[in-house]
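One letter stands for each residue in the lines below.
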Amino acid sequence: MTYGDKWMAVLFRDEKKKWNLDGPDENIKYWHDLRKEPRSFFSRQSGGGSVMVWVAFGFNGQVGLAFLDGRQNSPKYIGTLENHLMPFAENIRGQNWEYQHDNSPTHTSSATIKYLNSKNVTVLEWPPMISDLNPIENVWGIMSRKVNENGGQFYSVYALKTATESAWYNLEPEILQTLIISMEKRVYDVLLKNGKYFKLLITLY
């Protein structure tokens, strides 16, 4: 396996990206085209509610999006893996792959480690506090533009969830593949900036 092929075998994940019913940062200011009728915007206490999600993707596809309920802990995280990651893993049976997640207590708890081991999931060693490496940060940006287009306000959580699912499942595969291919350059760039994590980064590189 070449270095470039290594990243094609990794499933990258992230969680807790939040979208508000009242749009990004609960900001109701917007640009208005004077040639068109003004849109009606509204503001509610605490943004009217929000949704938080967990997503994962690799070179060969996306894992089903999960909506998260409240503060996350190890049992909830394991539930997400069981209901979303593992069905995807079943579909790629026979392929070698690694799972990327960071070093948060929920991910490194004994219960989570035991669960992943029981499923024979290989976890990619990952440097702490370096979000620049994770290509899913770019995915959040793409999804946010889709969810928040036209002002990004929603009258119900159901409508917001529908928009979030649409933004996720309509991502073009070529975009995700390009992000995976970019990993070689990402690691190199972070190596130049973060000598603190040099030893671990060099193993990734």
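Residues numbered from 1 in each chain as written. Predicted model: local features only at pLDDT ≥ 70, side-chain atom pairs only at ≥ 80, totals over all residues. Heavy atoms only, no water.

Caption draft 1: The packing of helix α5 (residues 136–147) against helix α6 (residues 157–169), seen in detail. At a closest axis distance of 9 Å, the pairing of α5 and α6 adopts a crossing angle of 130 degrees. Here α6 runs oblique to α5, going by the angle between their axes. When the axes of α5 and α6 are compared, the crossing they make is right-handed. Taking contact as the criterion, the partners of V139, M143, K146 and V147 in α5 are, on α6, L160, A163, T164, A167 and W168. (Axes fitted to C-alpha atoms, helices over the stretch in contact; angles between N-to-C directions. Helix = DSSP H or I, 4+ residues; strand = E, 2+ residues; numbered from the N terminus. Parallel < 35°, antiparallel > 145°, perpendicular 65-115°, else oblique. Left-handed = near helix turned anticlockwise from the far one by under 90°. Contact = heavy atoms within 4.5 Å.)

Caption draft 2: Unusual backbone geometry, seen in detail. Its identity as a non-glycine residue notwithstanding, N120 has a phi of 55 degrees, on the positive side. Residue position: N120 is located in the loop between α4 (110–118) and β6 (122–123).

Caption draft 3: Molecular detail of helix α7 (residues 173–181). Within the sequence span of α7, burial applies to L176, L179 and I180. Taken end-on, α7 shows its buried residues confined to a sector of 100 degrees, consistent with a single buried face. In α7, the exposed residues that point more than 90 degrees away from the buried face are E174, T178 and I181. (Buried < 20%, exposed > 50% of the residue type's maximum accessible area, 1.4 Å probe, protein only. Arc of directions from axis to C-beta.)

Caption draft 4: Highlighting the confidence of the model for the chain. Of the residues in the chain, 75% reach a pLDDT of 70 or more, and the chain-wide mean stands at 80. Here residues 26–34 scores under 50 on pLDDT; set against residues more than four positions off or in separate chains, the count is 13 contacts. (pLDDT = per-residue confidence, 0-100.)

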